[in-house]
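Listed below, chain by chain, are the residues.
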Amino acid sequence: MTSTTRLTVAQALVRFLSAQYTERDGVRHRLIGATWGIFGHGNVAGIGQALVEYGDVMPYHQGRNEQAMVHAAVGYARQSGRLSTHAVTTSIGPGATNLVTGAALATVNHLPVLLLPGDVFATRPADPVLQQLEVPYAGDISVNDCLRPVSKYFDRITRPEALIPSALNAMRVLTDPVETGAVTLALPQDVQAEAYDWPDDLFAERIWAIRRPGADPTELAEAVRAIRDARRPLVVAGGGVHHSRAEEALAEFAEVTRVPVASTQAGKGSLRHDHPQDVGGVGHTGTATADELARTADLVIGVGTRYTDFTTASGTLFANPDVRFLNLNIAPFDGHKLAGTPLIADARSGLMELTAALDMHAYRVPASYVTEYTEDKERWEQRVDACYEADEPDVRPTQPQVLGALDAIVDESDVIINAAGSLPGDLHKLWRARSRDQYHLEYGYSCMGYEVPAAIGVQMAAPDRPVWALVGDGTYLMMPTEIVTAVQEGIAIKVLLVQNHGYASIGGLSEETGAERFGTAYRHRADDGTFTGTPLPVDLAANAASLGMRVLRAKTVSDLREALAQARTADTPTCVYVETQTADTVSGAPPAQAWWDVPVAETATRPSAVKARELYERHVSTRRRHL
């Protein structure tokens, strides 16, 4: 007879989660390392009580905003190589709907996170309850159904025994390298507190093996043939390289074949910046070197990339009439993009197989090609040096000079986190990544407010490394709340807060598209009703200090260098605040080296929009569909 233990649904779930592990390459990791939570009537007596009951096996972290808790969990998961993540519990109503943005971010970026929102009563003893949204045409819908389209797996646990198959399916999806993303188990508040006799086998340690599938022999042979026929191949390294920990395999492939390697935002750092074959970021925010190679490539070898519009320059970048695509990807959905030849495999396994096969054929790209991209890379590095250099150290820095000052003090142990604004473009073009995980850009969803909570998650996963959240004023104002959590937990993140008085990136885009920077500046209203008056007297440094951070104000380049050095060695949460030059421009970095499609008004009377439309139509005419 099977032995059982009587527990509530919430208690059983917490015990189950504490016994789940992943294993890859012979190394075991705890799958759910901790639970974040903000409590209300929908989870306080269920999951909340269970976390008290089993605090010895399930660590708890207190958040201030539900979306931010998801970001922290995602940051932890990415730094952990998707082998470990956190759970997030909320009450019903606004607590649950606040999860939606974080869930979308996790799913877009293929990063695992477990969401446990409270739900309305399954038994409906009182209907409606506080914070319940009534749907007249369906009694089985709650606001938690908003999480369905942004979750890779969703279930509502309306009976205790339903938890068993649902929890197992949740773990399956979290640990699947193809399907992983946000997983949601909606928990009606009455069911959370209901007791059941659970089989003890449910609480036994369970190991979920992370697959490394190799390539199909036929696909591998076709891939080798495509590369051997290429004269100007180019690798586009995406986030899948990092997820697979395939950086060494990619370096060996590049060294054997001499094929240059460009990177997406998610893939930057796949090779160190000083690797001979690394040519930097590719696409709209890429380097001139990588983008010119992309325009003339006859074979694009995508490794773990989704080919977003920033990478393809909205279908205008890969301009060679004879260009073909070879897509090494663990996900068939991405492997077939751009009518490419698919090589469906784990990135590390597939690269190792490709390298071995090509080495047998002694394949190398032509020496003239190596000389070309090596010289182009040297010229681009000179442009980076010029952007970073500050001839006058006693004046306010430009944004590239801020990055240059940070670049001068970091080493391979530092982690740089960013997600939105003008910084991603500057970082993709200019940053010199020194290690596989130094460059942490969330650009799949490009979510303002990600940086500070993600830095907390990364610091939890890498407690001995300097972790920097790079934020502009617009992003900071979206979500500074988790600074309180960092202070409470003694998590010594470093926040580099750049003040440029508005949405600088969108301001520049607005100007380019004929919208005349409308609504993008943080300024007083002028007499004509527009926001073009003096900058708002907002003191973000004082705000950060009021939340408990140590704040270092930097007015000049010299101040900035000193403040960054102090912050890097700080053992408490520390903010470096700096106001940059060119408040009404994007950054002063090299302009975009490739186009990005943001549709412009087809009819307008204002000259700026008319001119922008003419330029837009010229760019659109160069777009192609790769068939």
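Residues numbered from 1 in each chain as written. Predicted model: local features only at pLDDT ≥ 70, side-chain atom pairs only at ≥ 80, totals over all residues. Heavy atoms only, no water.

An unreviewed UniProt entry lists the protein chain under the name 3D-(3,5/4)-trihydroxycyclohexane-1,2-dione hydrolase, from Streptomyces viridochromogenes. Looking at the Sequence similarities (unreviewed entry) heading of the UniProt record, one finds this comment for the protein chain: "Belongs to the TPP enzyme family." (UniProt positions renumbered as here; feature names shortened; annotations may be inferred.)

(A) Representation of the packing of aromatic side chains. Applying the stated criterion across every chain, the model contains 9 aromatic pairs. With a centroid separation of 4.8 Å and an interplanar angle of 70 degrees, the aromatic rings of Tyr-196 and Trp-198 are classed as edge-to-face. A residue is classified by how much of its surface remains accessible, and Trp-198, at 0% relative accessible area, is buried. On the numbers, 5.4 Å between centres and 85 degrees between planes, the contact of Phe-318 with Phe-325 is edge-to-face. Here Phe-318 falls in the buried class, since its relative accessible area comes to 1%. The exposure class assigned to Phe-325 is buried, which follows from its relative accessible area of 4%. In this structure, Arg-434 is placed above the aromatic ring of Trp-431, and the distance from its NZ or CZ to the ring centre is 6.0 Å. The ring of Tyr-577 carries Arg-553 above its face, with NZ or CZ at 5.8 Å from the centroid. (Phe/Tyr/Trp six-rings, centres within 6.5 Å; stacked < 30°, edge-to-face > 60°. Buried < 20%, exposed > 50% of the residue type's maximum accessible area, 1.4 Å probe, protein only. Lys NZ or Arg CZ within 6 Å of the ring centre and 35° of its normal.)

(B) Broad picture of the domain arrangement of the protein chain. Here the protein chain is partitioned into domain 1 (4-209), domain 2 (217-379) and domain 3 (391-501 + 536-579). Taking only C-alpha atoms, the centre of domain 1 and the centre of domain 2 are 38 Å apart. Contacts between the two partners involve 13 residues from domain 1 and, on the opposite side, 9 residues from domain 2. Taken together, the two surfaces of domain 1 and domain 2 that pack against each other cover about 840 Å², and 48% of this comes from carbon and sulfur. Summed over the three residues of domain 1 that lose the most area to domain 2, namely Arg-24, Arg-82 and Val-178, the buried surface amounts to 40% of that side. At the surface where domain 1 touches domain 2, the tally comes to 1 salt bridge. (Domains from an automatic or database assignment. Contact = heavy atoms within 4.5 Å. Buried area = accessible area lost by both parts, 1.4 Å probe. Salt bridge = Lys/Arg side-chain N within 4 Å of Asp/Glu carboxyl O.)

(C) View of empty space enclosed by the protein. This structure, assessed with the given rule, holds 2 cavities of 30 Å³ or more. Approximately 160 Å³ is the volume attributed to the largest cavity. If you trace the largest cavity, you find 20 residues lining it, with Lys-268, Asp-278, Gly-280, Glu-381 and Trp-431 closest to the centre. Counting only elements with at least two residues in the lining of the largest cavity, the list comes to β14 (278-281), α15 (367-388) and α17 (423-430). Considered class by class, the residues forming the lining of the largest cavity number 7 nonpolar, 7 polar and 6 charged. Each of domain 2 (217-379) and domain 3 (391-501 + 536-579) accounts for three or more of the residues forming the lining of the largest cavity. Together, Ile-92, Gly-93, Gly-118, Asp-119, Val-120, Gln-131, Gln-132, Leu-133, Ser-142, Val-143 and Asn-144 line the second largest cavity. Residues belonging to the lining of the second largest cavity are distributed by class as follows: 4 nonpolar, 6 polar and 1 charged. (1 Å grid on protein atoms, 1.4 Å probe; cavity = no way out; pocket = protein on both sides within 12 Å on 5 of 7 lines; lining within 4 Å. Points joined across faces, edges and corners; volume = space filled by probe spheres on them. Helix = DSSP H or I, 4+ residues; strand = E, 2+ residues; numbered from the N terminus. Nonpolar A, V, L, I, M, F, W, Y, C, P; charged D, E, K, R; others polar.)

(D) Examining the nonpolar core more closely. Residues Ile-227, Val-235 and Phe-253 are the most contacted members of the largest nonpolar core, which totals 51 residues. Excluding residues that lie within four positions of it along the chain, Ile-227 makes contacts with Phe-253, Leu-299, Ile-301, Leu-326, Leu-354, Leu-358 and Tyr-363. If you look at the next biggest cluster of nonpolar residues, it comprises 49 residues, including Leu-105, Ala-186, Ile-417 and Ala-486. (Core = buried A, V, L, I, M, F, W, Y, C linked by side-chain atoms within 4.5 Å.)

(E) Molecular detail of the UniProt feature "domain: Thiamine pyrophosphate enzyme TPP-binding" (unreviewed entry) in the protein chain. Those places that UniProt annotates as "domain: Thiamine pyrophosphate enzyme TPP-binding" (unreviewed entry) correspond, in this numbering, to residues 420-577. The annotated region residues 420-577 carries 38% helix and 15% strand content, and the separation between its end C-alpha atoms amounts to 18 Å.

(F) Quick peek at the UniProt feature "domain: Thiamine pyrophosphate enzyme N-terminal TPP-binding" (unreviewed entry) in the protein chain. The UniProt feature table records "domain: Thiamine pyrophosphate enzyme N-terminal TPP-binding" (unreviewed entry) at residues 57-123. Span residues 57-123 is 40% helix and 24% strand, its end C-alpha atoms 31 Å apart.

(G) Summary view of the pattern of salt bridges. For the coordinates displayed, the defined rule picks out 32 salt bridges. Among the salt bridges present, the one from Asp-176 reaches Arg-211, with a minimum N-O distance of 3.3 Å. You can see Asp-176 sitting in the loop between α6 (163-174) and β9 (182-188) and its partner Arg-211 sitting in the loop between β11 (206-209) and α8 (217-228), a full 35 residues away along the chain. Residue Asp-176 is classed as buried on the basis of its relative accessible area, which comes to 12%. By relative accessible area, Arg-211 is classed as partly exposed at 44%. A salt bridge links Asp-274 to Arg-272; its shortest N-O distance comes to 2.9 Å. Here Asp-274 falls in the partly exposed class, since its relative accessible area comes to 44%. Salt bridges linked by common partners bring Asp-25, Arg-212, Asp-346 and Arg-348 together as one network.

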